[in-house]
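# Understanding the architecture of this molecule
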Amino acid sequence: QVQLVESGGGLVEAGGSLRLSCAVSGRTFSSYAMGWFRQVPGKERTFVATISWSSGDTYYADSVKGRFTISRDNAKNTVYLQMNSLSPEDTAVYYCAASDGITIATTPKEFWDYWGQGTQVTVSS
């Protein structure tokens, strides 16, 4: 089993920055794709960014491209999401996800196997 635990969420002013962390434990494999998704109450959970655990290749949603950076620290078994230039539209619960056997361009949430509990990010005006 794979366990994912997000942290780093909180309240930030518009234009500010926040760094989310996803600690990965349990049985993991170098071929895993890792990702961040977000969800607003009453709306669907949508893709934000993904990264290949092995190669470090990344893929971003257009809405966050140039503002967010996904990265991983193999030694710490941790995936990060650095969020800059935040706006109120970024307010959501952010979820870490993992899956084996998919490409980082697999954006629909239905194809991802493991999920963290989520961490709230609130951006004020």
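Residues numbered from 1 in each chain as written. Predicted model: local features only at pLDDT ≥ 70, side-chain atom pairs only at ≥ 80, totals over all residues. Heavy atoms only, no water.

## Examining the sheet that holds strand β7 (residues 68-73)
- The strand order across the open sheet built from four strands is β1-β3-β8-β7, with neighbouring strands paired in antiparallel fashion. Looking at the sheet topology across the chains shown, the edges are occupied by β1 (2-7) and β7. Across the sheet, the axes of successive neighbouring strands diverge by a mean angle of 20°, strand direction being ignored.
- Sheet topology note: the β7/strand β8 (residues 78-83) ladder contains six bridges and is antiparallel. If you follow Ser71 over to β8, its bridge partner there is Tyr80. (Pairing = 2+ DSSP bridges. Helix = DSSP H or I, 4+ residues; strand = E, 2+ residues; numbered from the N terminus. Axes fitted to C-alpha atoms, helices over the stretch in contact; angles between N-to-C directions.)

## Some words on the environment of Ser17
- Structurally, the position occupied by Ser17 is in the loop between β2 (10-13) and β3 (18-26).
- When the C-alpha atoms of Ser17 and Asn84 are compared, they prove to be 4.4 Å apart, with 67 residues separating the residues in sequence.
- Sequence-distant contacts of Ser17, defined by excluding residues within four places in its chain, comprise Val12, Gln82, Met83, Asn84, Ser85 and Leu86.
- A distance of 2.8 Å separates the side chain of Ser17 from the side chain of Asn84, its partner in a polar contact. (Contact = heavy atoms within 4.5 Å. Polar contact = N/O pair within 3.5 Å; in protein donor to acceptor, adjacent residues only side chain to side chain.)

## Considering the nonpolar core
- Judged by nonpolar contacts, the single largest core of 36 residues is most densely connected at Met34, Trp36, Leu81, Met83 and Tyr94.
- Here this core gets five residues from one element, more than from any other, and that element is strand β9 (residues 92-99).
- Residues in contact with Leu81, not counting those within four places in the same chain, are Leu18, Arg19, Leu20, Trp36, Val48, Ala49, Phe68, Thr69, Ile70 and Tyr94. (Core = buried A, V, L, I, M, F, W, Y, C linked by side-chain atoms within 4.5 Å. Buried < 20%, exposed > 50% of the residue type's maximum accessible area, 1.4 Å probe, protein only.)

## Brief notes about the state of the cysteines
- Following the criterion strictly, the structure yields one disulfide and no others.
- The disulfide partner of Cys22 is Cys96, and the S-S distance across this bridge is 2.0 Å. Across the disulfide from Cys22 to Cys96, rotation about the S-S bond amounts to roughly -80°, and the bridge is consequently left-handed. Remark: Cys96 occurs in strand β9 and Cys22 occurs in strand β3; sequence separation between them is 74 residues.
- With a relative accessible area of 0%, Cys96 lands in the buried category. (Disulfide = S-S within 2.5 Å.)

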